[in-house]
Amino acid sequence: MNKSGMVTEIRTQIRKEPFAGKYELAAGKELGRGKFAVVKKCTEKATGKPYAAKFLRKRRKGADCRMDILNEIAVLELAKANPYVVGLHEVYETSSEIILVLECAAGGEIFDQCVAEDDEAFKEKDVIRLAKQILNGVAFLHRNNVVHLDLKPQNILLTSARPLGDIRIVDFGLSRRMEKITEVREILGTPEYVAPEILNYEPISTATDMWSIGVLICVMLTGESPFLGDDNQKTFLNISQVNIDYSEDMFDRISSLAVDFIKSLLVKNPRKRATAEECLKHPWLNPHPLSQPLLQKMLAFSLDDNEMSQSESEPESPAHS
Ligand code: ADP
Ligand code: MG
């Protein structure tokens, strides 16, 4: 039986010939791994192009999970038109596994730069650029009635780390088509990033992803996970009470517009949370044109031709200090 909201009709051809015939696995350590998947770098022999091969076990804890994998493939197919969702190149199947040949996001997880020290950490202007890309991808999914349900720094990758490249959203293993969803009976996702309605077994919606984006942006800007407690129970309590104190030191280092943006997402009632489209219009991501340094200078110049005003913009402050 299907779990609600899964899409399992796919157009991509599932190849039964050996994966190793067309691809060479790169030596060295894997790109990453999750509970039921290993991701390894590989090269397409014919073109020499690098890809990321995600090896998914069809049986997990004794249950047949082929439908879950088809759902993941279907969502990747649907999102092909969006540049910020990882590209799907080919699919292979063996007796025990399905292999997704994905566009390789060589910069790794944004997680690494979220927890990095000062110099290596994201600057607020970087987070603004990356947040726009994440929201562009998520808005696309939501317009197509898909909820990701596992947005966190481990599932947001970069095309390159230095110089800082662009975003690729990965891991559609928990994604669902929304219109078919009635309720969730299990707690999905990673404790720190799950929304209050998941903990209360209330209906999920696109707003569920928006809560996770609020936590994600907070972590990208401050390096700290706002609801993380000493154990899962304490984390869940912090989330359901929306226990977050914006007067804490970690918020002093980021702009007030960024705090306002986070506040619009970490709202308990999903109906009152900002949508992806609303977020894209938020002033934090759309600086007022008159606040830009060059325009300020031009304005000052035209207002007073003889005496050039010394108005300077505020220096950029790093997200972590
Ligand atoms: P899981 O469902 O097991 O969490 P993911 O799809 O999240 O699987 O992949 C696990 C990890 O592998 C990711 O967190 C990331 O570090 C790495 N990874 C996944 N896809 C790619 C990719 N296309 N390019 C580079 N690394 C990837
Ligand atoms: Mg993952």
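Reading the values: the criteria
As a convention, each chain's residues are numbered from 1 in the sequence order in which they are written. Starting at A for chains and at 1 for ligands, labels are handed out in the order in which the entities are written. Given that the model is predicted, a residue must reach a pLDDT of at least 70 before its local features are reported, and side-chain atom pairs must reach 80 or more before they are shown or counted; all residues, however, enter totals for whole chains, interfaces and linings. Heavy atoms throughout the structure, all of them, feed into the side-chain values; hydrogens and water do not. Without a salt bridge and with relative accessible area above 30%, a residue can belong to a patch; like charges are then joined within 9 Å and nonpolar side chains (Val, Leu, Ile, Met, Phe, Trp, Tyr) within 5 Å. Only the protein chains shown count as covering a residue, and every accessible area follows the Shrake-Rupley method with a 1.4 Å probe. A side-chain nitrogen of Lys or Arg and a carboxyl oxygen of Asp or Glu constitute a salt bridge if their distance falls within 4 Å. For the purpose of counting charges, residues Lys and Arg are taken to be positive, whereas Asp and Glu are taken to be negative. His and the chain ends are not included. Lys charges are placed at NZ, Arg charges at CZ, Asp charges at CG and Glu charges at CD. Only DSSP runs of H or I covering at least 4 residues are called helices, and only runs of E covering at least 2 are called strands; the numbering of each starts at the N terminus. Three exposure classes are used, based on accessible area relative to the maximum for each residue type with a 1.4 Å probe and protein chains only: buried under 20%, partly exposed in between, and exposed over 50%. Multiplying 1.5 Å by the residue count of a helix minus one yields the expected span of that helix. Each pair of strands is called paired provided DSSP finds at least two bridges between the two strands. By definition in these notes, contact holds between two residues if any of their heavy atoms fall within 4.5 Å. Lines fitted to the C-alpha atoms define the axes, with helices restricted to the stretch that makes contact. Angles between their N-to-C directions range from 0 to 180 degrees. Shown as donors are all N, O and S atoms within 2.8 Å of a metal ion, widened to 3.2 Å for Na, K and Ca; because water is not in the atom set, sites may appear incomplete. Think of it this way: one heavy atom of a residue within 4 Å of a molecule or strand is enough to make that residue near it. The term polar contact refers here to a pair of N or O atoms within 3.5 Å; inside protein, the definition further demands a hydrogen-donor-capable atom paired with an acceptor-capable atom, and it admits residues adjacent in sequence only when both atoms are side-chain atoms. Note that Gly is not counted as nonpolar here; it falls among the polar residues with everything else outside the nonpolar set of Ala, Val, Leu, Ile, Met, Phe, Trp, Tyr, Cys and Pro and the charged set of Asp, Glu, Lys and Arg. Segment limits for the domains were obtained from an automatic or database-derived domain assignment. The term buried area refers to how much accessible surface (probe radius 1.4 Å) is lost by two components on association, counted for both of them together. Should an angle fall under 35 degrees it is called roughly parallel, over 145 degrees roughly antiparallel, and 65 to 115 degrees roughly perpendicular, with every other angle called oblique. Crossings are assigned a handedness: left-handed for a near helix turned anticlockwise from the far helix by less than a right angle, right-handed for a clockwise turn. UniProt positions are given in the numbering used here, feature names are shortened, and annotations may be inferred rather than shown by experiment.

Would you mind going over a negative patch on the surface with me for this structure?
A contiguous patch of negative charge, built from Glu-224, Asp-245, Glu-248, Asp-249 and Asp-252, is present on the exposed surface. Looking at the secondary structure, you find Asp-245 in the loop between helix 7 (232–240) and helix 8 (256–265).

Explain the pattern of salt bridges to me, please; I cannot follow it from the model alone.
Side chains carrying opposite charge are able to pair once their charged atoms draw close together. For the coordinates displayed, the defined rule picks out 18 salt bridges. Residue Glu-277 pairs with Arg-143 through a salt bridge whose shortest N-O separation is 2.8 Å. In this pair, Glu-277 is assigned in helix 9 (residues 276–280) and Arg-143 in helix 4 (residues 124–143), connecting sequence segments 134 residues apart. On the accessibility criterion, Glu-277 (35% relative accessible area) is partly exposed. In this structure Arg-143 comes out as exposed when scored by relative accessible area, which is 53%. Each of Arg-15, Glu-17, Lys-22 and Glu-90 takes part in one network of salt bridges that share partners.

I tried to follow helix 2 (residues 66–78) on my own but got confused; where do I start?
Because the α-helix completes a turn every 3.6 residues, residues three or four places apart line up on one side. The first and last C-alpha atoms of helix 2 sit 18 Å apart over 13 residues, in line with the 18 Å expected at 1.5 Å per residue. With respect to burial, helix 2 is a largely interior element, 10 of its 13 residues being buried. If you check which residues of helix 2 are buried, you get Asp-68, Ile-69, Leu-70, Asn-71, Glu-72, Ile-73, Ala-74, Val-75, Leu-76 and Glu-77.

Is there a simple way to explain the sheet that holds strand 12 (residues 156–158) in this structure?
Sheet strands associate in pairs through backbone hydrogen bonding, adopting either a parallel or an antiparallel arrangement. Read across the open sheet, the three strands follow the order 10-12-13; overall the sheet is antiparallel. The open sheet has two edge strands with one neighbour each: strand 10 (108–109) and strand 13 (167–169). Pairing between strand 10 and strand 12: two bridges, direction antiparallel. Its bridge partner being in strand 12, Gly-108 is matched across the sheet by Leu-158. Taken strand by strand, helix 4 contacts strand 12 and strand 13, and its axis lies near 30° from that of strand 13.

Please explain the coordination of the magnesium ion (ligand 2) as it appears in this structure.
When a metal holds four donors in a tetrahedron, each ideal angle between them is 109.5 degrees; when it holds six in an octahedron, the ideal angles are 90 or 180 degrees. The protein atoms donating to the magnesium ion (ligand 2) are Asn-155 (OD1) and Asp-171 (OD), with metal-donor distances spanning 2.1 to 2.3 Å. One end of the pair, Asn-155, is in the loop between strand 11 (146–147) and strand 12; the other, Asp-171, is in the loop between strand 13 and strand 14 (176–177), and 16 residues separate them in sequence. With a relative accessible area of 24%, Asp-171 lands in the partly exposed category.

Please clarify how the site of ligand 1 should be interpreted in this entry.
Within the structure, ligand 1 sits among 19 residues, and Lys-54, Glu-103, Glu-109, Gln-154 and Asp-171 are positioned closest to it. A distance of 2.8 Å separates a nitrogen atom of ligand 1 from a polar atom in the backbone of Glu-103. A distance of 3.0 Å is found between a nitrogen atom of ligand 1 and a backbone nitrogen or oxygen belonging to Ala-105. Relative to its free-state accessible area of 540 Å², ligand 1 is covered by the protein chains to the extent of 89%. Contributions of two or more residues to the shell around ligand 1 are made by strand 3 (32–33), strand 4 (37–44), strand 5 (50–57) and strand 9 (97–103). Here the shell around ligand 1 is composed, by residue class, of nine nonpolar, four polar and six charged.

Quick question: what am I supposed to make of the pairing of strand 8 (residues 88–93) here?
Regular strands have side chains that alternate between both faces of the sheet. Of all six residues in strand 8, five are buried; the element is thus mostly enclosed. Relative to strand 8, strand 1 (residues 14–15) runs parallel, the two sharing two bridges. Considered in strand 8, the bridge of Ile-14 is made with Val-91. When strand 8 meets strand 9, the two strands line up antiparallel, connected through five bridges. Bridging across to strand 9, Glu-90 finds its partner in Val-101. Linking strand 8 to strand 9, which pair antiparallel, is a turn of three residues.

Mind showing me how you'd approach the domain arrangement of the protein chain here?
Accessible area lost upon the coming together of the parts is a frequently used measure of interface size. Along its sequence, the protein chain is organised into domain 1 (14–103) and domain 2 (108–285). Taking only C-alpha atoms, the centre of domain 1 and the centre of domain 2 are 25 Å apart. Opposite the 15 residues of domain 1 that make contact, domain 2 presents 17 residues. Sorting the residues of domain 1 by area buried against domain 2 places Val-75, Leu-78 and Tyr-84 first, and these three jointly supply 43% of that buried surface.

Explain the packing of helix 4 against helix 6 (residues 206–222) here, please?
Two packed helices can be described by the angle between their axes and the distance between those axes. Their axes nearest at 11 Å, the elements helix 4 and helix 6 cross at an angle of 165°. Judged by the angle between their axes, helix 4 and helix 6 are roughly antiparallel. Here helix 4 and helix 6 pass one another in a crossing that is right-handed. Seen from helix 4, the contacting residues are Glu-124, Val-127, Leu-130, Ala-131, Ile-134, Leu-135, Val-138 and His-142; seen from helix 6, they are Thr-206, Asp-209, Met-210, Ile-213, Leu-216, Ile-217, Met-220 and Leu-221. Residue composition of the contact of helix 4 with helix 6, grouped by class: 12 nonpolar, two polar and two charged.

Would you mind going over the UniProt feature "binding site: ATP" (unreviewed entry) in the protein chain with me for this structure?
Here, UniProt's "binding site: ATP" (unreviewed entry) annotation points to Lys-54. Tracing the sequence through the fold places Lys-54 in strand 5. Excluding residues within four positions of it along the chain, Lys-54 makes contact with Ala-37, Val-38, Val-39, Glu-72, Ile-98, Ile-99, Leu-100, Leu-102 and Asp-171. At 2.8 Å, the side chain of Lys-54 forms a polar contact with the side chain of Glu-72.

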